[in-house]
Amino acid sequence: VLKQLEFICSELKVMKNEVSQNKTSNEATLKEIKSIKSEISTSLNIFKSDLSKLNKAYSELKENNNLLIKQVDDMKLLINELSSSIRYNKIRITNIPVKPDENIYSLINKISSIIDFQLTEEKLESYFRLKVKNTSIHPPIIISFNKISEKEIFLKKAKQKRDALNWAVILENSNETEKIFVNENMGHHSYRLFKKGKELGKENKLKFVWFRNGKVYARKDETSIPVIIRYESDYTRFFKKSLKASISNPSISSEIELSGQDSEGTDCSSHTGSLKAGKRKLKKLKTSDIHSFFSQK
């Protein structure tokens, strides 16, 4: 019995030593865990601080990016308005076939006689046919006037007698009654907007789109308010329940319905006639100074 008791005591001492060692090891492990926890907590606080700084920097970048986008849009609008002002003295005559050794001035003179416009060489700055990629259409004739007022008179008279303008009265030895179209000359940007309006018209989403005084206008129907279309996104206004326009109402008589418009497929131009004349004065555009785009707000 004594031997058994001694053996048990010996085992208990061994177990006690092991427990003591485990306790020491556990205390070291716990201390290490606390140290790791402290490091994680510190790192998490640093991460939160960095994340907050990144969010602030992102907000500033987003705000600056939106500002830059607005400035780019404003600059595009200014460039388009300047481009329109350059073309503002021009008209486009379409659907006249090309003939060898044709006289562009003679064609313009015939049209002027039909619409009762008194044409003189002094009224014209230049006239030429455009080169076209699409060979299935007749290259348009572009006329530049020295005075915008003369261009407006020519355009008005041409619209009043649009039914009288056809191949039979303009071209020699022709009995065909194909119509000849006279319109204001559009820049590429304005034409894209106008073409988009025509596409919406084919989808029955829009009824009126027209080009006047260097701007594209549109109306959803007879009762809606005319809206100036500066970007393709402006057409989305017509698909909202309420339409609020911030422009004055242009003359309804100047509207052009979507059907019966000529197409454009030009890439460059070649002069067939040019007249010497003084430079015309451009109308002052109601736009902000271009230098404001580069000033820091």
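Calculation notes
Residues numbered from 1 in each chain as written. Predicted model: local features only at pLDDT ≥ 70, side-chain atom pairs only at ≥ 80, totals over all residues. Heavy atoms only, no water. Pairing = 2+ DSSP bridges. Helix = DSSP H or I, 4+ residues; strand = E, 2+ residues; numbered from the N terminus. Axes fitted to C-alpha atoms, helices over the stretch in contact; angles between N-to-C directions. Salt bridge = Lys/Arg side-chain N within 4 Å of Asp/Glu carboxyl O. Expected span 1.5 Å × (residues − 1). Buried < 20%, exposed > 50% of the residue type's maximum accessible area, 1.4 Å probe, protein only. Phe/Tyr/Trp six-rings, centres within 6.5 Å; stacked < 30°, edge-to-face > 60°. Arc of directions from axis to C-beta. Patch = residues over 30% accessible without salt bridge, like charges linked within 9 Å, V, L, I, M, F, W, Y side chains within 5 Å. Areas by Shrake-Rupley, 256 points an atom, 1.4 Å probe, with all protein chains shown as cover. Core = buried A, V, L, I, M, F, W, Y, C linked by side-chain atoms within 4.5 Å. Contact = heavy atoms within 4.5 Å.

(A) Quick look at the sheet that holds strand S5 (residues 208-212). On the basis of which strands lie adjacent, the open sheet formed by three strands has the order S5-S6-S7 and antiparallel pairing. In this open sheet, the two edge strands, each paired with only one partner strand, are S5 and strand S7 (227-229). Adjacent strand axes in the sheet meet at a mean angle of 35 degrees, parallel and antiparallel pairs treated alike. As judged from the three bridges shared by strand S6 (residues 215-219) and S7, these two strands associate in the antiparallel manner. Each bridged residue has a counterpart across the sheet, and for Tyr217 the counterpart in S7 is Ile228.

(B) The arrangement of unusual backbone geometry in detail. The backbone of Asn95 shows a phi angle near 70 degrees, a positive value even though the residue is not glycine. Mapped onto the elements, Asn95 comes out in the loop between strand S1 (90-94) and helix H2 (104-114). Positive phi values are uncommon outside glycine, yet Asn204 reaches one of about 60 degrees. Here Asn204 lies in the loop between helix H5 (188-202) and S5.

(C) Spotlight on the pattern of salt bridges. With the rule as written, the count across this model stands at eight salt bridges. Where Lys123 meets Glu150, a salt bridge forms, and the shortest distance between an N and an O atom there is 3.6 Å. Taken as a pair, Lys123 in the loop between H2 and strand S2 (124-132) and Glu150 in helix H3 (residues 148-160) lie far apart in primary sequence, 27 residues in all. Measuring nitrogen to oxygen at the nearest pair gives 3.9 Å for the salt bridge that ties Asp163 to Lys179.

(D) Inspection of H5 at higher detail. Taking 1.5 Å of rise per residue, the 15 residues of H5 would be expected to cover 21 Å, and the 21 Å separating its terminal C-alpha atoms lies within 8% of that figure. Residues Ser190, Tyr191, Leu193, Phe194, Gly197, Lys198, Leu200 and Gly201 constitute the buried set of H5. Once H5 finishes, Asn204 follows within two positions and takes phi at roughly 60 degrees, a positive value.

(E) Geometry of the packing of aromatic side chains. Summed over the entire model, instances satisfying the criterion amount to five aromatic pairs. Relative to Phe145, the ring of Phe117 has its centre 6.2 Å away and its plane inclined at 85 degrees; by these criteria the two rings are edge-to-face. On the criterion of sequence distance, the pair formed by Phe117 in the loop between H2 and S2 and Phe145 in strand S3 (residues 141-145) is long-range, its members being 28 residues apart. Accessibility classification places Phe117 together with Phe145 in one group, the buried group. Judged by centre distance (5.1 Å) and plane angle (80 degrees), the rings of Phe117 and Phe154 are edge-to-face.

(F) Region of interest: H2. Every buried residue of H2 is listed here: Ile104, Tyr105, Leu107, Ile108, Ile111 and Ser112. On an axial view of H2, the arc spanned by its buried residues comes to 160 degrees, and they lie on one face. Two residues or fewer past H2, Asp116 is found with a positive phi of approximately 65 degrees.

(G) Representation of a nonpolar patch on the surface. A contiguous nonpolar surface patch, about 770 Å² in accessible area, is contributed by Val1, Leu2, Leu5, Phe7, Ile8, Leu12 and Met15. For Leu12, the location among the structural elements is in helix H1 (residues 2-87).

(H) How the structure looks around the nonpolar core. Ranked by size, the top nonpolar core spans 25 residues in total, and within it Ile93, Ile96, Ile143, Phe154 and Val182 carry the most contacts. Counting only elements with at least two residues in this core, the list comes to S1, H2, S2, S3, H3 and helix H4 (167-170). Not counting residues up to four positions away in its chain, the partners in contact with Phe154 are Ile91, Ile111, Ser112, Ile115, Phe117, Phe145 and Val182. Judged by nonpolar contacts, the second largest core, of 13 residues, contains Tyr191, Phe194, Val216 and Tyr235.

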